[in-house]
Amino acid sequence: MTSDRQQPKTAFVYSDELSQYQLSAEHPLRPIRLQHMHELMKSSGLFELENVSTPPPRMATKAEIETSHDAEYVAIVEAISNGGIAPIMGEFGLGSSDNPVRPGMYDTTALTVGSVLTASELVTSGAADVAFAPGGGVHHHAMYRRASGFGVFNDAVIAMKAMVEAGLRVAYIDIDCHHGDGVQMGHYESDQVLTISIHESGQYLFPGTGHVQEIGSGDGTGYSVNIPLAPYTQDAAWHAALDEVIPPLVSAFKPDVLFTQLGIDTHFQDPLTHLSLTTQGFNLAVQKLSVMAAEIGKWVAVGGGGYDLSAVVRSWTMALATMANFDLPTEVPKSFTSLEGLTTFDDIPPEPTEARYLNEINSFNTKSLEEVRALIFPKFGI
Ligand SMILES: [Zn+2]
């Protein structure tokens, strides 16, 4: 970090307005998870730390959203949000069970995007060494003129475009269980943004992409990196893949800023996915990202997927503590009462994978890593 590495200036960008709505009654993405997370962070004393600040998010302007989305699509989202009817909304991915429409959706999404812009501006200016906007990241599937996978306006694409405009080279690392396809496509032809996504293989999970062969195009050839892993991959194998690919590539790319999407739907209890990480496995990843960020000097972090509420609130509290270099206690504080059943921050790990599946998982993951080494590493002289 630019200042004292022991006490990085840490901005947490959040307001409860980011959590007080529902996408639909049955939707698996529950924004209320952010309110519970905020309560656990508060109970854990994180907002009393001298090096942690809590700046409020601002709204993104329409012009900022239109840097990365088609104006017709943006206008339709706004019209629906204001109570209008858009018969062609289906063409834009809107009105499905994944991407329901609702009054106010433009405003809550623009505030989410704005929270990430606030974070990236604080980091760009040097006012913060690291800024965490947990409302962001969950829009990582949103495309130029299409809503997808719970995503409407792609906060990460918009914020990184602004940083590239400001002359920064950005390394984007997406550890969500799903491929960060919208972010990849938003910078597919750019050599100023290196996107790396480590995820459950698209052979088994939405959105069906994220194969190693998707390496970027034009100037961006070699700057889109995908690490697809087998279902039921656990902490140790997931970390082996991260270690082999991510630090050497980030080091060779020499970014000015690290931008991380910290989805926690990799968790073994997540209801939508099949990777098998623990909260301590997740937090070890955040610790590794923190080491990279300390070398680079600037770090923007956003949230992402996460559909098991206990995993979300514990993991992102652990992440903020790691960013601020603060040691959490083992036990969840007794003063945290808004969710039942939370005892420790770390999980009791799931049973080890049965041996008969382990070979299949290992050979799948080994093949992915071999392909990344063959297709991407030479571009970076590794
Ligand atoms: Zn996800």
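For every chain, the first residue of its written sequence is number 1, and the numbers climb from 1 along that sequence. For a predicted model such as this one, the threshold for reporting local features is a pLDDT of at least 70, and the threshold for listing and counting side-chain atom pairs is 80 or more; totals across whole chains, interfaces and linings nevertheless cover every residue. Calculated side-chain values reflect all of the structure's heavy atoms, with hydrogen atoms and water omitted.

**Student:** Which residues make up the sheet that holds strand β7 (residues 257-261), and what are the values?
**Tutor:** The rule for pairing is simple: two strands pair if DSSP sees at least two bridges between them. Think of it this way: any DSSP run of H or I at least four residues long counts as a helix, any run of E at least two long counts as a strand, and we number them from the N terminus. With respect to topology, eight strands assemble into an open sheet ordered β2-β1-β3-β8-β7-β4-β5-β6, the strand pairing being parallel. One side of each edge strand has no neighbouring strand; the edge strands of this open sheet are β2 (52-53) and β6 (224-229). Relative to β2, strand β1 (residues 10-12) runs parallel, the two being bridged by two bridges. When the sheet's bridge partners are listed, Thr10 is paired in β2 with Val52. Contacts from helix α4 (residues 105-125) reach β1, β3 (130-133), β7 and β8 (299-302), with the element oriented near 180° to β3. Only heavy atoms matter for contacts: two residues are in contact if any of them lie within 4.5 Å across the pair. Note on method: axes are straight lines fitted to C-alpha atoms, helices fitted across the in-contact stretch only, with angles between N-to-C directions ranging 0 to 180 degrees.

**Student:** Please set out the coordination of the zinc ion residue by residue, giving values where relevant.
**Tutor:** We call an atom a donor if it is N, O or S and sits within 2.8 Å of the metal, or 3.2 Å for Na, K and Ca. Water is not counted, so some sites may look partial. Around the zinc ion, the donor atoms from the protein are Asp176 (OD), His178 (ND1) and Asp265 (OD), and they sit 1.9 to 2.1 Å away. Between the donor residues of the zinc ion, the gaps in sequence give the motif D-x1-H-x86-D. With Asp176 in the loop between β4 (170-174) and α6 (181-186) and Asp265 in the loop between β7 and α8 (279-296), this residue pair connects regions lying 89 residues apart in the sequence. The same class applies to Asp176 as to Asp265, namely buried. Relative accessibility thresholds used throughout: buried, under 20% of the residue-type maximum; exposed, over 50%; partly exposed, between the two (1.4 Å probe, protein chains only).

**Student:** Could you give an account of α8, naming the residues involved and the relevant values?
**Tutor:** Residues spaced three or four apart along an α-helix face the same direction, because each turn holds 3.6 residues. In this scheme, a helix's expected span is set at 1.5 Å multiplied by one less than its residue total. Between its first and last C-alpha atoms α8 spans 25 Å; for 18 residues at 1.5 Å apiece the expected length is 26 Å, and the two agree. Listed in full, the buried residues belonging to α8 are Thr279, Gly281, Phe282, Asn283, Ala285, Val286, Leu289, Ser290, Met292, Ala293, Ala294 and Ile296. Packing partners of the buried residues in α8 comprise β4, α7 (235-253), β7, β8 and α9 (309-323). Positive backbone phi, approximately 105°, marks Gly297, located one or two places after α8.

**Student:** Break down the side chain of His27 for me, citing the residues and quoting the values.
**Tutor:** Topologically, His27 is positioned in the loop between β1 and α1 (32-43). The definition of a polar contact used here is a pair of N or O atoms within 3.5 Å, where within protein one atom must be able to donate a hydrogen and the other to accept one, and adjacent residues in sequence count solely through side-chain atom pairs. Among the polar contacts listed, one links the side chain of His27 to the backbone nitrogen of Leu29, at a separation of 3.0 Å.

**Student:** Give me the lowdown on unusual backbone geometry, citing residues and values where you can.
**Tutor:** Most peptide bonds take the trans form, and the phi angle of most residues other than glycine is negative. The omega torsion of the bond from Phe206 to Pro207 falls at 0°, within 30 degrees of zero and hence cis. Within the element layout of this structure, Pro207 appears in the loop between β5 (193-200) and β6. Positive phi is not limited to glycine here, since Phe150 has a value of about 75°. Residue class for Phe150 comes out buried when judged on its relative accessible area of 10%.

**Student:** Outline the packing of aromatic side chains, listing residues and values.
**Tutor:** Classification of ring pairs uses Phe, Tyr and Trp, with its six-membered ring standing for Trp, and accepts pairs whose centres are within 6.5 Å; under 30 degrees between planes counts as stacked, over 60 as edge-to-face, and the remaining range as tilted. Per the stated rule, a full pass over the model turns up 11 aromatic pairs. Taking the centre distance of 6.0 Å and the plane angle of 65° together, the rings of Tyr223 and Phe253 count as edge-to-face. Linking Tyr223 in the loop between β5 and β6 with Phe253 in helix α7, this pair joins segments that are 30 residues apart in sequence. Across the pair, exposure class does not vary: Tyr223 and Phe253 are buried alike. A connected cluster of aromatic rings, assembled from ring pairs, spans Phe12, Tyr14, Phe47 and Phe132.

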